Amino acid sequence: MKKEHWICGGAGCEAPLFRRSFWLDRTERFQSARLEICGLGYFLFYINGKRISDQELMPAMTDYASVLGCETTYPVWEERSAHRCRYLSFDLLPYLKAGKNVLAVRLGNGWYHQTERIAEGKFVFGLPKLWFELTLTDADGRQEWIESDRQTLWHPGGLLKNNLFLGEVRDLRKEPEGWQDPDADLSGWKPAQPVHAPETLLEEQTCPPDRVIRKLYPILIGEHDGRKIYDCRENIAGRVVLSCLGKKGECITVRHAEELAADGTLDFESAGGSDQLQQDHYICDGRIQTLHPLFCWHGFRYFETEGPCEVLCAEVIHTDVAVTSSFSCSDPVLNWLYEAYIRTQLDNYHGCIPSDCPHRERLGYTGDGQLTAETAMLLLDTKELYRKWYQDILDSQGAETGHIPHTAPFLGGGGGPGGWGCAVYQVPLAWAKIYGDDSLLVQGYDAILRWFDYMDAHSEKGLVVREEEGGWCLGDWCFPASEEKEQLPEAFINTFYYLHGLQEMMQISEKMNNKLPIRFAEREKNVKNAFLDAYFDPETGDFCEGRAAGNAYGLALGLGDERTKKHLVEKYEALERFDTGIFGTSMLLEQLFSIGAGDLAVRLLTNDSEAASFAHMKRNGATTLWERWDGRESHNHPMFGACVRLLFTQILGIRMMPAAQPPVVNPAQPDVTAQPAQALKPLNGELQPPAVPGFAQHFSYEIRLSSQQQLTWAKGSIQTPDGILSVSWELLENGEKQVEWSLAPAVEDKVTTM
């Protein structure tokens, strides 16, 4: 049928209720009852009073429509490449009955009608709107349809305000009692109003949904002026669930924060400050009932309640992806780092978007996302999440220039052309490496070439020196405040990612038997020469005078010489801590491991400096990773966790190679004694591998430990297409490492130890 009649509530209503009644003489004659539904921004729905689906915050966020004309912090002058919205499908046959049935829907603003926040602008694509179509099919293939038509009724309901950043205001006195039920009182209900359909592609959602993943039971830690303060004991993304105990007209308020002030009250600064409080208000109707926000999540560890209520729990909400890894070792900082990264990354998945933080901005920053993509794919079941997000990146690309914006879906945000724009090739490269699947590279091939042209158009003498007029042109980001004068030039970082992309695509095109246009081969040579002329000193062998991790960037491009390696090691052996931002930290560690300086890499990972260390975060009680080394701003940013993959590829020595790909040889050659241990069980008792692992082909594996001697033991596991690969080792008195591994189900000839 697909008439696609969209409806809305009355003028200005941000959270309308809808109900569509229909009559069935009997249900057994139907073979199927398929509902297709899209409610923008978010929706909940019910059949005959019963909520259908445990999914939250649906549908997943996308690039809904043009942002031209929206109130943006930075100028936007061009259209995106595509716009799309997602609908969801459900089987309603088990929920239907003979007689009167009611399909009921509640809408909220979500990202579609985002009117208030402190940063990046306001993006209003329209008021909340609804489309649905229920297709009833009998045994003979005949069909009947129930749709969002003029027979649908609407009511303003009691959700007076709902905002992703500022929370919700709900007046329970205005909620129609039993509004989802067939026999509800329809006083005050009116026919729904027709509205223009979004000018967008409407596609079925296939990526994993958001759900309530865990429940925590907070502890009461204090009371201030009638406000009760609670501690969840970890930093989460989610919501507080209350029991409403108030009389009619009494108010309940819940406020959220990541930290406490010195006097024990909430400190809101790291999560958006006092100008963007995460708070929910409820006006009681005199009935005891369970309450929580409906269309937002909050980022918090601590919260306070004010008014007549009882705290039941805190629910952790994020995109439903499984943890498919485990890690522990002899150093508590590395154990904390793994756990903090996993928690941080999960807290930042909503709507299949890898966000920067779950509170202040909540956006799919392409810099943060590309940086952590390989790590997340290796340690979490995120294949379909990143498939969806890569489509968002392609949709968000500038239609005229090929610019890859700083966020995808594009909703503003600052960044740079290189470290952020490179997501267009870095995400599909990580996908191919972890899953053995080139399909995203094929999908994004033309977009990558368009991005190369954008970078060339914003270059002077071979160096990328500018981005969009009026916007940012960042290089590295969030480096230690004390090292600001030592940081690398923005053009160095941006040109690095341009050159790195050209190098990677030269190889990829050969593999795909699809030769790059000749201009890109010439450009790779010209950009490399410009990079060397501007930043490499042939007298010393250093890039950028050896500042920050400049030499590591050069080595990653296959440039420099033995002096470059030597000076990199000497510098950090003397410094004994990080002086790098989000890109440089991961780059530095990877290059140190690759040149055989594993001991130094581990010392940096575990260093105890207050200026820049993971130990500093741990010592200050952090349960998630900070945005900045010194603790300013957000305390739930995954970007510095990109290096966690090295705990698996270097410290555990796990190397995965698609069967058609030759093994990758690491120059580190430690002395090990290795033996299979098929009885070795998965090291995380709660690990549940995906029923059908999302890999395109089988792999071969090497266990090749780095040469470091700082740790005395380590163990861990990852999910592979052949089962759970577990590795453990311990340092013997003679300096050798005794290694045990298992691959369940066992495939002994798949694994080699070095």
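Further up the page is the structure itself.
Since the structure is predicted, the reported quantities are computational estimates derived from the model, not experimental observations.

## Let's talk about the nonpolar core
Right, so step 1: Counting 175 residues, the largest nonpolar core has Trp 111, Phe 614 and Ile 651 as its most contacted members.
Right, so step 2: Core analysis: the second largest hydrophobic core is formed by 28 residues, Ile 7, Phe 90, Leu 96 and Phe 132 among them.

## Overview of helix 7 (residues 518–535)
Right, so step 1: With 18 residues, helix 7 extends 26 Å from end C-alpha to end C-alpha; this agrees with the ideal 26 Å at 1.5 Å per step.
Right, so step 2: Buried within helix 7 are the following residues: Phe 520, Arg 523, Glu 524, Val 527, Ala 530, Phe 531 and Tyr 535. Summarising the axial view, the buried residues of helix 7 lie within an arc of 140°, below the 170-degree limit, and thus occupy one face. Of the exposed residues in helix 7, those oriented more than 90 degrees away from the buried face are Ile 518, Lys 525 and Asp 533.

## Quick look at helix 11 (residues 598–605)
Right, so step 1: Among the eight residues of helix 11, six are classified as buried, and the element is accordingly described as predominantly covered.
Right, so step 2: Elements in contact with the buried residues of helix 11: helix 1 (332–347), helix 9 (562–575), helix 10 (582–594), helix 12 (614–619) and helix 13 (645–651).

## Focus: the pattern of salt bridges
Right, so step 1: The tally for this structure, following the rule as stated, stands at 48 salt bridges.
Right, so step 2: Note that Arg 519 is salt-bridged to Asp 453, the shortest N-O span being 3.2 Å. A residue pair is termed long-range when its members are at least 10 positions apart, and Arg 519 in helix 7 and Asp 453 in helix 5 (residues 439–457) qualify at 66 residues.
Right, so step 3: A relative accessible area of 29% means that Asp 453 is categorised as partly exposed.
Right, so step 4: Where Lys 565 meets Glu 562, a salt bridge forms, and the shortest distance between an N and an O atom there is 3.2 Å.

## Thoughts on the environment of Phe 303
Right, so step 1: Checked against the element boundaries, Phe 303 lands in strand 27 (residues 298–306).
Right, so step 2: Sequence-wise, Phe 303 and Gly 558 are 255 residues apart; in three dimensions their C-alpha atoms are separated by 50 Å.
Right, so step 3: Aside from chain neighbours lying at most four places away, what touches Phe 303 is Pro 218, Lys 228, Ile 229, Tyr 230, Cys 232, Val 240, Val 254, Arg 255, His 256, Leu 266 and Val 311.

## Remarks on the packing of helix 2 (residues 366–379) against helix 10
Right, so step 1: For the pair helix 2 and helix 10, the least separation of the axes is 10 Å and the interaxial angle reads 15°. When the interaxial angle is binned, helix 2 and helix 10 end up roughly parallel. Here helix 2 and helix 10 pass one another in a crossing that is left-handed. Facing Gly 367, Gln 370 and Leu 371 of helix 2, the residues of helix 10 in contact are Ile 582, Phe 583 and Ser 586.

## Overview of the packing of aromatic side chains
Right, so step 1: Enumeration according to the criterion identifies 38 aromatic pairs in this entry.
Right, so step 2: Ring centres 5.3 Å apart and planes at 15° place the aromatic pair Phe 578 and Trp 629 in the stacked group. You can see Phe 578 sitting in the loop between helix 9 and helix 10 and its partner Trp 629 sitting in the loop between helix 12 and helix 13, a full 51 residues away along the chain.
Right, so step 3: Counting every residue linked through ring pairs, the aromatic cluster contains Trp 420, Phe 492, Phe 496, Tyr 497, Phe 531, Tyr 535, Phe 536, Phe 543, Tyr 553 and Phe 583.

## Thoughts on the state of the cysteines
Right, so step 1: As enumerated under the stated definition, the model contains zero disulfides in all.
Right, so step 2: Between Cys 329, a cysteine without a disulfide, and Cys 643, which holds the nearest cysteine sulfur, the sulfur-to-sulfur distance is 13 Å.
Right, so step 3: Between Cys 544, a free cysteine, and Cys 473, which holds the nearest cysteine sulfur, the sulfur-to-sulfur gap is 15 Å.

## Section: unusual backbone geometry
Right, so step 1: Looking along the chain, the bond that leaves Met 58 and enters Pro 59 is cis, with omega of 0°.
Right, so step 2: Following the sequence through the fold, Pro 59 ends up in the loop between strand 5 (50–51) and strand 6 (71–72).
Right, so step 3: Omega for the peptide link from Ala 408 to Pro 409 comes to -5°, which places this bond in the cis form.
Right, so step 4: Within the secondary structure layout, Pro 409 lies in the loop between helix 3 (383–396) and helix 4 (423–435).
Right, so step 5: Non-glycine residue Ala 548 carries a positive phi angle of around 45°.
Right, so step 6: Tracing the sequence through the fold places Ala 548 in the loop between strand 35 (542–543) and helix 8 (550–556).
Right, so step 7: One non-glycine residue, Glu 576, adopts positive backbone phi at about 60°.
Right, so step 8: By the secondary structure assignment, Glu 576 is in the loop between helix 9 and helix 10.
Right, so step 9: Since its relative accessible area comes to 52%, Glu 576 is described here as exposed.

So, how was this worked out
Residues numbered from 1 in each chain as written. Predicted model: local features only at pLDDT ≥ 70, side-chain atom pairs only at ≥ 80, totals over all residues. Heavy atoms only, no water. Core = buried A, V, L, I, M, F, W, Y, C linked by side-chain atoms within 4.5 Å. Buried < 20%, exposed > 50% of the residue type's maximum accessible area, 1.4 Å probe, protein only. Helix = DSSP H or I, 4+ residues; strand = E, 2+ residues; numbered from the N terminus. Expected span 1.5 Å × (residues − 1). Arc of directions from axis to C-beta. Contact = heavy atoms within 4.5 Å. Salt bridge = Lys/Arg side-chain N within 4 Å of Asp/Glu carboxyl O. Axes fitted to C-alpha atoms, helices over the stretch in contact; angles between N-to-C directions. Parallel < 35°, antiparallel > 145°, perpendicular 65-115°, else oblique. Left-handed = near helix turned anticlockwise from the far one by under 90°. Phe/Tyr/Trp six-rings, centres within 6.5 Å; stacked < 30°, edge-to-face > 60°. Disulfide = S-S within 2.5 Å.

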